[in-house]
Structures are given as structure tokens and as C-alpha cells.
Amino acid sequence: MIDGFKRALTLGAATVALAGGTVLSSVGIASAAPSHHGDHTATRHLDRGRCHMVHGYWIRVWRDGRAGRHGHWIRVWHRERLVCHHHRR
């Protein structure tokens, strides 16, 4: 009885330690990731008359079926990007 209790307590402590390590590692990764929301420092040197940011948007794409299955619609996210129009000479 006491051995089972010790085993359960040890297993519970190990589970908590592993879960805590996972949470801490994911927080460290998230804080180290660059933030691109509203940060356009790389585009400051470009001509603003010809270049602009296109916001992200969803589109629907038809996926054909494989191996006798029917196709279906899926949604695909196109992320924000810089679009520049070049002048013709």
C-alpha cells in the first residue's frame, strides 16, 4: 500500500516537472520569436510612392480528391507582404 502511494507520488512529481519544463521552454521560444506586427523597419528605405504593404487574407482553394475520394474546399492564409510597382521607362 505504501509502495503504491510512493510510486504514485513520484510519478505525479515527475509529470509536474516535465509539464513545467515544457511550459518554460515554450515561453522562452515565444519571447525569442520576432514580432512582425506593425514593424516595417526593413521597408523604410523603399520608395513609399511605389511600395505598400498588402494585409494578410484568406482564399478558398479547391483540392482534388485522390484515390476515388471527392474533392473539397480548403481555406489558405496568405500572409502580409510588401508589393512594389515598378515604373516603365
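Higher on the page you've got the structure.
If you're wondering where the values come from, they're calculated on a predicted model, not measured in any experiment.

Draft legend 1. Representation of the overall build of the protein. Of regular secondary structure, the protein possesses one helix and four strands. Listed N to C, the secondary structure of the protein is α-β-β-β-β in terms of helices and strands. Put simply, the protein has 89 residues, and 2% of those count as buried. Carbon and sulfur atoms form 61% of the exposed surface of the protein, whose accessible area is close to 8,500 Å².

Draft legend 2. Local environment of the environment of I74. Position of I74 relative to the elements: it lies in strand β3 (residues 72-78). Taking the relative accessible area as the measure of exposure, I74 reaches 22% and is therefore partly exposed. For the pair I74 and W62, spaced twelve residues apart in sequence, the C-alpha to C-alpha distance is 6.4 Å. Setting aside residues up to four positions removed in sequence, I74 forms contacts with I59, R60, V61 and R63.

Draft legend 3. Spatial organisation of the environment of H52. You can see H52 is positioned in strand β1 (residues 51-54). H52 gets classed as partly exposed once you look at its relative accessible area, which sits at 36%. In sequence terms H52 and C84 are 32 residues apart; their C-alpha atoms lie 6.5 Å from each other. Contact partners of H52, with chain neighbours within four places excluded, come to R81, L82, V83 and H85.

Draft legend 4. Molecular detail of the packing of aromatic side chains. With the rule as written, the count across this model stands at two aromatic pairs. When the centroid spacing of 5.4 Å and the interplanar angle of 70° are considered together, the rings of W62 and W73 count as edge-to-face. Residue W62 is found in strand β2 (residues 57-63), and its partner W73 is found in strand β3; the two are separated by eleven residues along the sequence. With relative accessibility at 49%, the residue W73 sits in the partly exposed group. One cation-aromatic arrangement involves R60 over W73; the distance from NZ or CZ to the ring centre is 4.3 Å.

Calculation notes
Residues numbered from 1 in each chain as written. Predicted model: local features only at pLDDT ≥ 70, side-chain atom pairs only at ≥ 80, totals over all residues. Heavy atoms only, no water. Helix = DSSP H or I, 4+ residues; strand = E, 2+ residues; numbered from the N terminus. Buried < 20%, exposed > 50% of the residue type's maximum accessible area, 1.4 Å probe, protein only. Areas by Shrake-Rupley, 256 points an atom, 1.4 Å probe, with all protein chains shown as cover. Contact = heavy atoms within 4.5 Å. Phe/Tyr/Trp six-rings, centres within 6.5 Å; stacked < 30°, edge-to-face > 60°. Lys NZ or Arg CZ within 6 Å of the ring centre and 35° of its normal.

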